[in-house]
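# Remarks on the overall topology
Spelled out from the first residue to the last, the chains are:
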Amino acid sequence: MFATPCVAQEYALSIARVKYSGGGDWYSDEQSLPELLSYVRNETLVNVNPRPDIVELSTDRLYTFPYLYLTGHGNAVFTEQEIIRLRQYLEHGGFLHIDDNYGLDLAIRREMARVFPEQEFVELPFDHPIYHSHFSFPNGLPKIHEHDGKPPQGFGLFDQHGRLCVFYSYESDLGDGWEPESVHDLPLDVREPALQMGTNILVFALTGTSPHN
């Protein structure tokens, strides 16, 4: 069970960005989460704090957040304590969204294999509820920022009950689409699907299914 977040009483919940070691820029796309949370508050009934927090995986504060966001370029390294804490968090109802901001793939696959050594990332089918929890994405993840000409893919890891507890958005770069148009020069018709998919991920993390069911 999660403790009550230390946020103002008018907000039902708060989310956090993961601060990690290893040299990767965990802080990249600094305006992305505030923009996404503003969109979520306007488009859904989720009463989320519009100001995201920052959390390290080794702290007890981890358990106050039902949704964690991890992004960046390059390397990420978890300590043994962080590996244990993250697995406990995920197996007790927590949710982690990993958003590859280009160059994170090798490191994150290595570290998540330490968290769940008994399983590998599985690509989710397009009919998975995460693609339809609020907005419908019949073709899966939208492509936001082009890097290597690869299609966007959504991968998952699951807890001991079969619940999707880690969602990994790869070759999509949702965070770039969440940021204001001026940052990456992305028009609204590109940013809107990114914000909608981000909304889906958060809604799914909180409900595990569609709010319309």
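Conventions and cut-offs
Residues numbered from 1 in each chain as written. Predicted model: local features only at pLDDT ≥ 70, side-chain atom pairs only at ≥ 80, totals over all residues. Heavy atoms only, no water. Helix = DSSP H or I, 4+ residues; strand = E, 2+ residues; numbered from the N terminus. Contact = heavy atoms within 4.5 Å. Areas by Shrake-Rupley, 256 points an atom, 1.4 Å probe, with all protein chains shown as cover. Axes fitted to C-alpha atoms, helices over the stretch in contact; angles between N-to-C directions. Parallel < 35°, antiparallel > 145°, perpendicular 65-115°, else oblique. Nonpolar A, V, L, I, M, F, W, Y, C, P; charged D, E, K, R; others polar. Salt bridge = Lys/Arg side-chain N within 4 Å of Asp/Glu carboxyl O.

### Comments concerning the overall build of the chain
In terms of helices and strands, the chain carries six helices and seven strands. Principal-axis analysis of the C-alpha atoms gives the chain an extent of 40 × 40 × 30 Å. In the chain, 74% of the contacts between residues at least 6 apart in sequence involve partners at least 24 apart. Within the structure as shown, the chain displays about 9500 Å² of accessible surface, and the carbon and sulfur contribution to it stands at 53%.

### Overview of the packing of helix α1 (residues 32–43) against helix α6 (residues 188–207)
Where α1 contacts α6, the axes come no closer than 9 Å and their chain directions differ by 75 degrees. Compared by their axis directions, α1 and α6 come out roughly perpendicular. Seen from α1, the contacting residues are Glu35, Leu36, Leu37, Tyr39 and Val40; seen from α6, they are Arg191, Glu192, Leu195, Gln196, Gly198, Thr199 and Leu202. The class makeup of the residues in the contact of α1 with α6 is six nonpolar, three polar and three charged.

### Details of the packing of helix α2 (residues 80–91) against helix α3 (residues 105–115)
Running from N to C, α2 and α3 cross one another at 70 degrees; their axes reach a closest spacing of 9 Å. Viewed along their axes, α2 and α3 adopt a mutual orientation that is roughly perpendicular. Here α2 contributes Glu80, Ile83, Leu86, Arg87 and Leu90 to the contact with α3, which in turn contributes Glu111, Met112, Arg114 and Val115.

### Thoughts on the pattern of salt bridges
Taken as a whole and judged by the stated rule, the model has twelve salt bridges. Among the ionic pairs, Arg191 bridges to Glu35, the shortest N-O distance being 3.8 Å. Of this pair, Arg191 sits in helix α6 while Glu35 sits in helix α1, and the two are 156 residues apart along the sequence. Put simply, Glu118 and Arg87 hold a salt bridge, and the shortest N to O gap is 2.9 Å. Of the two residues, Glu118 sits in the loop between α3 and β5 (122–123) while Arg87 sits in helix α2, which places them 31 residues apart along the sequence. Residues joined in a network through salt bridges with shared partners are Glu80, Arg110, Glu111 and Arg114.

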